[in-house]
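# Structural features, examined
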Amino acid sequence: MNLAFLKTYKDEIASTAAIISIISAIVLIVSVVISARQFYLARQAVQAQAIGTSLAHGRDLYDALAANADLAERLFGVEPPQLEETVFVQKTLSFFSEQYIYRDGGLIDDETWELVQREMCQTYQSPGFLRIAAPLLERGDFPSDFTDILRGCSIAQ
């Protein structure tokens, strides 16, 4: 009886098997695409976090430099009266650059970025801050897109 059933419905069974195979292939392709996208997003987030951690360590080094004015003057030619201002500006730029990198990596949402960017522009437009920040930005120590955003602050606002 089973053999007769198979012979009678062999075309329908073959069609059903073909449909199931096609559906399985589509599900597999969609799964691979979704997995690849998730891997890409995770990689971006990890990379942004690693860069942010590196920048935080850099700010710690600036703290150590600020504690030793003689060393700062010998290494970088920054006289002790200007050292505090220079270190503050460098650390502030580092912080804003870190936020930019987090944003670029998808770790900061649009609303938060708008707040950060507004504060960043207000800080950057301050004449005293700008006087110290401009040469630091010219050295190329920060991502060029970040530097372009800062330079656009004075135009946009």
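Details of the structure are given in the entry above.
Figured I'd write up the structure that's included with this text. Quantities reported herein were computed from a predicted structural model and do not represent experimental measurements. (Residues numbered from 1 in each chain as written. Predicted model: local features only at pLDDT ≥ 70, side-chain atom pairs only at ≥ 80, totals over all residues. Heavy atoms only, no water.)

## Brief notes about the overall build of the protein chain
Test applied: Numbering of helices and strands runs from the N terminus; a helix is a DSSP stretch of H or I covering at least four residues, while a strand is a stretch of E covering at least two. Note on exposure labels: buried denotes an accessible area under 20% of the residue type's maximum, exposed denotes more than 50%, and partly exposed covers the range between, all computed with a 1.4 Å probe on protein chains only. Should any heavy atoms of two residues lie within 4.5 Å, those residues are counted as being in contact. With residues, only the protein chains shown are counted as cover, and all accessible areas are computed by Shrake-Rupley using a 1.4 Å probe.
On a plain count of helices and strands, the protein chain comes out with seven helices and zero strands. Mapped in sequence order, the helices and strands of the protein chain form the string α-α-α-α-α-α-α. Within the protein chain, the fraction of its 157 residues that count as buried is 25%. Considering only intrachain contacts with a sequence separation of at least 6, the fraction spanning at least 24 residues in the protein chain is 66%. A total of about 10700 Å² of accessible surface is found on the protein chain, and carbon and sulfur atoms cover 61% of it.

## Some remarks on the state of the cysteines
Inclusion rule: Throughout, a disulfide means two cysteine sulfur atoms within 2.5 Å of one another.
Inspection of the entire model under this criterion finds one disulfide. Here Cys121 pairs with Cys153 through a disulfide, and the sulfurs are 1.9 Å apart. Between Cys121 and Cys153 the disulfide shows an S-S torsion of about -65 degrees. By sign, it is left-handed. Here Cys121, found in helix α5 (residues 110–125), pairs with Cys153, found in helix α7 (residues 144–156); they are 32 residues apart in sequence, far enough to count as distant. On the basis of relative accessible area, Cys121 is assigned to the buried category, the value being 3%.

## Considering the packing of aromatic side chains
Selection criterion: Any two of the Phe, Tyr and Trp rings considered here, Trp counted by its six-membered ring, make a pair once their centres fall within 6.5 Å; the pair's planes then place it as stacked at under 30 degrees, edge-to-face at over 60, or tilted in between.
Using the criterion set out here, one finds four aromatic pairs in the structure. The interplanar angle of 55 degrees and the centroid separation of 5.5 Å between the aromatic rings of Phe95 and Phe96 together place this pair among those described as tilted. Owing to a relative accessible area of 6%, Phe96 belongs among the buried residues under this scheme. Pairwise contacts between aromatic rings join Tyr100, Trp113, Phe142 and Phe146 into one cluster.

## Focus on the nonpolar core
Quick note on the threshold: Residues enter a nonpolar core if they are buried and are Ala, Val, Leu, Ile, Met, Phe, Trp, Tyr or Cys, with the set joined through side-chain atoms within 4.5 Å.
The biggest cluster of nonpolar side chains holds 22 residues, and the ones touching the most others in it are Val89, Leu93, Tyr124, Leu137, Phe146 and Leu150. Among the elements of the structure, α4 (80–104), α5, α6 (127–138) and α7 are those that each provide at least two residues to this core. Residue contacts for Leu137: discarding those within four places in its chain leaves Leu93, Tyr124, Phe142, Phe146, Thr147, Leu150 and Arg151.

## Section: a nonpolar patch on the surface
Spelled out, the test is: Each patch is assembled from residues with relative accessible area greater than 30% and no salt bridge, linking like charges that lie within 9 Å and nonpolar side chains (Val, Leu, Ile, Met, Phe, Trp, Tyr) that lie within 5 Å. A side-chain nitrogen of Lys or Arg and a carboxyl oxygen of Asp or Glu constitute a salt bridge if their distance falls within 4 Å.
Side chains of Ile22, Ile26, Val30 and Ile34 sit close together on the surface and give an oily, nonpolar patch of about 370 Å² of accessible area. Under the relative-accessibility criterion, Ile22 is labelled exposed at 52%.

So far we have only geometry, and geometry alone does not tell us how the molecule works.
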